[in-house]
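A look at the structure
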Amino acid sequence: MSIRKASAVMAAAIILLASAPAAAAETPSEIYSKAKAMVNAGNYAKASSLAEKYKKIKPADHSGYQLSGMILYKSGKYNKALEQFAKSKKIFSGDYVSETYSGFSLLKTGEIKQAKASFERAYAINKEYPQSLIGLGACCLKEKDPAKAKMHMKKAMKTAGDNDPEVYKDIAGIYLSENMPNDAIYVYNQYLKLEDENPDIYYRLGKIYESLDNRRCEKMYEKASELKKKNPVYKEALAGYLMSHGRSNDAISIYEEAVACGSKAWQPYYYTALPLFQKGDYKKTADRLKKAIKYRDAKFSKDIATAKMALSAALLRSKEYKECSKISMEFLKDDPKNESLWFNAACAYAMEGKKSEALKSLSKAVSLEKSNKDIAKNSEMFKSIKNDPEFIRITK
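Structure report, in brief.

About the criteria used
Residues numbered from 1 in each chain as written. Predicted model: local features only at pLDDT ≥ 70, side-chain atom pairs only at ≥ 80, totals over all residues. Heavy atoms only, no water. Helix = DSSP H or I, 4+ residues; strand = E, 2+ residues; numbered from the N terminus. Rg over C-alpha atoms; globule rule 2.2 N^0.38 Å. Buried < 20%, exposed > 50% of the residue type's maximum accessible area, 1.4 Å probe, protein only. Contact = heavy atoms within 4.5 Å. Areas by Shrake-Rupley, 256 points an atom, 1.4 Å probe, with all protein chains shown as cover. Lys, Arg positive; Asp, Glu negative; His and termini not counted. Charge placed at Lys NZ, Arg CZ, Asp CG, Glu CD. Patch = residues over 30% accessible without salt bridge, like charges linked within 9 Å, V, L, I, M, F, W, Y side chains within 5 Å. Salt bridge = Lys/Arg side-chain N within 4 Å of Asp/Glu carboxyl O. Phe/Tyr/Trp six-rings, centres within 6.5 Å; stacked < 30°, edge-to-face > 60°. Lys NZ or Arg CZ within 6 Å of the ring centre and 35° of its normal. Axes fitted to C-alpha atoms, helices over the stretch in contact; angles between N-to-C directions. Parallel < 35°, antiparallel > 145°, perpendicular 65-115°, else oblique. Left-handed = near helix turned anticlockwise from the far one by under 90°. Nonpolar A, V, L, I, M, F, W, Y, C, P; charged D, E, K, R; others polar. Expected span 1.5 Å × (residues − 1).

What follows covers the overall build of the protein. Helix and strand counts for the protein come out as 23 helices and 0 strands. Rg of the C-alpha trace for the protein: 31 Å, well past the compact-globule value of 21 Å for 396 residues, more than 25% over. The C-alpha extent of the protein, read off along each of the three principal axes, is 90 × 90 × 40 Å. Expressed as a percentage of the 396 residues in the protein, the buried residues total 45%. Across the protein, contacts joining residues at least 24 apart in sequence account for 46% of those joining residues at least 6 apart. As displayed, the protein offers around 22000 Å² of accessible surface, 52% of which is attributable to carbon and sulfur atoms. Of note, the protein has its 69 positive side-chain charges centred 4 Å away from the centre of its 48 negative side-chain charges.

Structure representation (structure tokens):
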């Protein structure tokens, strides 16, 4: 191609680029939809930013203020939520959603009379919105009038029918917060009469029965797991119940299923790792224990020491010496008197050829537990340093 032709092609390309339409800006409805999606995902900071953007574009639309109010309510900022709901209602007096959640916000701040009045106004606007009836029921419970509360709650369930399981969850949640588990059980069972294949309802029933130490708990968890075979949460709950009732073999089998489903809880990995250790599958043991430690929570505190020692030992036995010494020393920062971790670190350092580190770690292990002297003398892992004067002194 000649220079002249090349220049002409380039010029044409530049003209095409310059004339290409710019990316279309997001429409207000797209911004609003994104904000709602962020709310559903629990990303309230992003949702709030989008809601503010929407309100700037459409300041006369009440729905932006309603959305901001809902975000603040879900974030636990009830007084600020009330301000946004008030702005929405000022623009549109028929905003029964803002009126209802003004009521829930007032309930959260202990303003029972004002909350009740808000729910009544919402119900007067839209008698087909079950949340206002739930709010009235909650107020009646606070006023120690359970009979009237149940009347409102039953009416809410009838209004919702089988189209909105969240209504049943909300009502049951209120009963549970008021320490009325049997009423919560009744609500969930009413929903199951309408739709008997919702695994989440069986799971929630299982949680209540477990709190009451009722054997029906097991059946509920089994049903939830059967309906949603790939959900590890239901399997974790079932296995946890079995474990707490002394059925560890059955529990471990279920925990294995939870692992296969990609569990994000520590229990499946911890309880299935120990049998693997006993079978001599140290690599898989180490992998499981790493995940158990990664996913640990407050309940893991009593098992953390065992998990750390087992992980250290598994790495040592699978000849991952460098990782064993590194992890053992990291764990010792939190547990400096753990003689097993010191001993494992000493073994790993010796196998790595790090004599100085091995002797220091062994000295610490022996000072904490004298029996480590004989174990060290008989261990092949210290073969390379057994004739060292410092090793002889430590194990004397």
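Our focus in this paragraph is a negative patch on the surface. A cluster of acidic residues, Asp162, Glu195, Asp196 and Glu197, forms a negative patch on the protein surface. Within the secondary structure, Asp162 is located in the loop between α9 (146-160) and α10 (165-177).

On to the pattern of salt bridges, then. As enumerated under the stated definition, the model contains 23 salt bridges in all. One salt bridge connects Asp250 with Arg247, and the closest N-O pair in it is separated by 3.5 Å. Among the salt bridges present, the one from Asp334 reaches Lys308, with a minimum N-O distance of 3.7 Å. Of this pair, Asp334 sits in helix α19 (residues 321-334) while Lys308 sits in helix α18 (residues 304-317); the two residues are 26 residues apart in sequence, bridging distant segments of the chain. Residue classification places Lys308 among the buried positions, given a relative accessible area of 13%. Look at the salt bridges and you will find they share partners, linking Glu166, Lys169, Asp200 and Arg204 into a network.

Here we come to the packing of aromatic side chains. Considering all chains together, one arrives at 19 aromatic pairs under this definition. Relative to Tyr295, the ring of Tyr269 has its centre 5.9 Å away and its plane inclined at 40°; by these criteria the two rings are tilted. Of the two residues, Tyr269 sits in helix α16 (residues 266-279) while Tyr295 sits in the loop between α17 (282-294) and α18, which places them 26 residues apart along the sequence. Overall, Tyr295 belongs to the buried group, its relative accessible area being 18%. An aromatic cluster of three or more residues is present, and its members are Tyr73, Tyr78, Tyr101, Phe104 and Phe119. Lys127 extends its terminal NZ or CZ atom over the ring of Tyr123, reaching a point 5.2 Å from the ring centre. The ring of Tyr202 carries the charged tip of Lys223 above its face, separated from the ring centre by 6.0 Å.

Tracing the sequence through the fold places Asp61 in the loop between α3 (44-57) and α4 (62-74). Excluding anything up to four places from it in sequence, Asp61 contacts Tyr54 and Ile91.

Turning our attention to the packing of α10 against helix α11 (residues 181-194). Interaxial distance between α10 and α11 falls to 7 Å at its minimum, and their mutual angle equals 170°. By the angle between their directions, the pair α10 and α11 is classed as roughly antiparallel. The interaxial crossing formed by α10 with α11 has left-handed handedness. Residues Pro165, Tyr168, Lys169, Ile171, Ala172, Tyr175 and Leu176 of α10 touch α11, and the partners they reach there are Pro181, Asp183, Ala184, Val187, Tyr188, Gln190, Tyr191 and Leu194. Considering only residue class, the contact of α10 with α11 consists of 12 nonpolar, 1 polar and 2 charged.

Right, let's talk about helix α21 (residues 355-368) for a bit. Compared with an ideal rise of 1.5 Å per residue, which puts 14 residues at 20 Å, α21 spans 20 Å between its outermost C-alpha atoms and is within 8% of the ideal. Of all the residues in α21, the buried ones are Ala358, Leu359, Ser361, Leu362, Ala365 and Val366. Against α19, α20 (339-352), α22 (372-378) and α23 (389-394) lie the buried residues of α21.

Spatial relationships are all this shows, so hold off on functional conclusions.
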